[in-house]
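Analysis of the macromolecular model
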Amino acid sequence: MIIAVDGPSASGKGTLARRLARHYGLKHLDTGALYRVTGLAVRLAGGDPADPVAAEAAARALDLSLLEHPDLRTEDAGAAASKVAAIPAVRAALLQFQRDFAHEAPGAVLDGRDIGTVVCPEADAKLFVVARADIRARRRFDELSARGDSVDYAAVLADIEARDARDSSRAVAPLAPADDALLLDTSELAIDAAFSEAVRLIESRIGSRHARP
Ligand code: DC
């Protein structure tokens, strides 16, 4: 079974995807982390994440040890990820890794921007998770503050809006719901309520046969 969970930054898709994987006994892949690893690798080498040659080389080398790097979740790594993600050769280099992961037993939940449209158009169920930009900025602000980063709410909101614009307007695999995606708006939902709604939506597609006892 493959479940695709797409949506903009800080919509809650990562938390939902992890919980869905546990619920259905599937593996989980945070595909944004692959773009973050690629962007961070370019930055650490002193390069520009918007440089197609440097970015493609980093995507091909895909140094997964960087998944443990302390800067992986910073706003700067997110911005670098969004830049490398707009380069077609980077997306092509990361595509097979994601497909192979999805098709290994017992199946997987993948979260990202183009899982339902490009990576796994054959997914059994597709969620498109959204939330208002001000709410997403508040969540990201709280998360960064809790980690001890000194952040400014207005700057976080501006960054989220810039990333939305870049991720939605790029020529290749832009952020967009698949035609058969189920829409979940988490603006007014706490995580437990969002999770219950996600399960309800998924089971409206696949039935409840896959849930672990
Ligand atoms: O979900 P995230 O913030 O970790 O993602 C970082 C960036 O990676 C995001 O701005 C867009 C890009 N991305 C993408 O283009 N396609 C995906 N499947 C996942 C992420």
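Residues numbered from 1 in each chain as written. Predicted model: local features only at pLDDT ≥ 70, side-chain atom pairs only at ≥ 80, totals over all residues. Heavy atoms only, no water.

**Concerning helix α7 (residues 133-146)**
The end-to-end C-alpha separation of α7 is 20 Å, in line with the 20 Å expected for 14 residues at 1.5 Å each. For α7, every residue scored as buried is listed here: A133, I135, R136, A137, R140, F141 and L144. At its buried positions, α7 is contacted by α2 (31-44), α4 (75-84) and α8 (153-169). Of the residues one or two after α7, G148 is the one with positive phi, at around 90°. (Helix = DSSP H or I, 4+ residues; strand = E, 2+ residues; numbered from the N terminus. Expected span 1.5 Å × (residues − 1). Buried < 20%, exposed > 50% of the residue type's maximum accessible area, 1.4 Å probe, protein only. Contact = heavy atoms within 4.5 Å.)

**Some points on the site of the ligand**
R36, R91, R113, D114 and R163 are the nearest of the 15 residues found near the ligand. Contacts to the ligand include R91, whose side-chain N or O atom sits 2.8 Å from an oxygen atom. One of the side-chain N or O atoms of R170 is found 2.9 Å from an oxygen atom in the ligand. The protein chains hide 98% of the 450 Å² of surface that the ligand would expose on its own. Looking at the shell around the ligand, the elements with two or more residues in it are α2, α4 and α8. Per-element tally for the shell around the ligand: the top contributor is α2, with four residues. (Near = heavy atom within 4 Å. Polar contact = N/O pair within 3.5 Å; in protein donor to acceptor, adjacent residues only side chain to side chain. Areas by Shrake-Rupley, 256 points an atom, 1.4 Å probe, with all protein chains shown as cover.)

**Some details on the side chain of R140**
In this fold, R140 is placed in helix α7. You can call R140 buried: its relative accessible area is 10%. In this structure, R140 is in contact with S9, A10, R36, E75, V156, I160 and R163, ignoring residues within four places of it in sequence.

Geometry only, nothing functional implied.
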